[in-house]
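Architecture and fold: a report
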Amino acid sequence: MKHLYIFFGIVFLTFTEIAAQELEPAKEIGAEIGVKIMLGKQGVEENLSVFQSVSGAYIFDFKHGIRSGFTRYSEFEGTKNGYSIPLYYAYRTKSKLNKNEEIFIDLFSDLIIGIFTSLIPNRMEYNIGPSFGYFSEDLGTATAKSYKLQNKYYVSEDARLRLTFQIWRFNLGGNIGLSYIPSKNFYYVSSDPFANGNRTNWSFDAAAILSFSFD
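My aim in this report is to walk through the structure given alongside it, one point at a time. (Residues numbered from 1 in each chain as written. Predicted model: local features only at pLDDT ≥ 70, side-chain atom pairs only at ≥ 80, totals over all residues. Heavy atoms only, no water.)

Quick look at the pairing of strand E3 (residues 64-73)
Burial along E3 is one-sided: Gly 65, Arg 67, Gly 69, Thr 71 and Tyr 73 are buried, and none of His 64, Ile 66, Ser 68, Phe 70 and Arg 72, which face the opposite way, are. The pairing of strand E2 (residues 47-59) with E3 spans nine bridges and is classified as antiparallel. Among the inter-strand pairings, Tyr 58 is bridged to a residue of E3, identified as Ile 66. Joining the antiparallel neighbours E2 and E3 is a turn of four residues, in which Phe 62 adopts a positive phi near 70 degrees. With eight bridges joining them, E3 and strand E4 (residues 79-92) adopt antiparallel strand pairing. When the sheet's bridge partners are listed, Ile 66 is paired in E4 with Tyr 89. Linkage of E3 to E4, two consecutive antiparallel strands, is achieved through a turn of five residues, within which Gly 78 is found at a positive phi near 85 degrees. (Buried < 20%, exposed > 50% of the residue type's maximum accessible area, 1.4 Å probe, protein only. Helix = DSSP H or I, 4+ residues; strand = E, 2+ residues; numbered from the N terminus. Pairing = 2+ DSSP bridges.)

The following block contains the structure:
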């Protein structure tokens, strides 16, 4: 009976260790630089700005987690600057990086396949959730044809895809996203009645990513 207790004790400890490893959280911090384009209706020019941001992610089980950060905009027409804070649910795919993987090239076709395989990102992460922000108005930039700030407070619903290549603990890649903006922060001033009063309801953004993972 004593040996049976020892056996079940070993099994329990082994199972607990495996479960702890599976549920060990992953953490990441990084920086991004990109461009955000506020989209007007067809035929009306966009309002765009370069942005810089820092963000961090906490992935509970290497798949599901949260991501947040801080983004600064500096070039939107009608503003001096702007800021936003995202609050995202994050779903991350398992990294395809395998340090022990060996590549065998016997034929030219193997080489071509290997090249294309190397171009596939090691990891993808899907983000969805709201962003909240604020824009400060710049009255001196208004012209006969330009965007003006209508609402200083920014709210958006975002969907984003992060594609990264992992080198040791560093991640290099890109981020693309589409946002619906119910706050309609900007409107277009023009003598053209078709363009005048156009409001920005949607935005598209793209950025380059450099981050560091703690998993």
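Quick word on the pairing of strand E9 (residues 186-189)
Of the two faces of E9, only the one carrying Phe 186 and Tyr 188 is buried; Tyr 187 and Val 189 on the other face are not. As paired strands, strand E6 (residues 146-149) and E9 are joined by four bridges and run antiparallel to one another. By the bridge assignment, Leu 149 is partnered in E9 with Phe 186.

Some thoughts on the pattern of salt bridges
Evaluation of the coordinates by the stated rule reveals nine salt bridges. A salt bridge links Asp 158 to Arg 160; its shortest N-O distance comes to 3.2 Å. Between Arg 160 and Asp 205 there is a salt bridge, and its shortest N-O distance comes to 2.5 Å. Taken together, the residues span a long stretch of sequence, with Arg 160 in strand E7 (residues 153-167) and Asp 205 in strand E10 (residues 202-213) at a distance of 45 residues. Each member of the pair, Arg 160 together with Asp 205, is buried. (Salt bridge = Lys/Arg side-chain N within 4 Å of Asp/Glu carboxyl O.)

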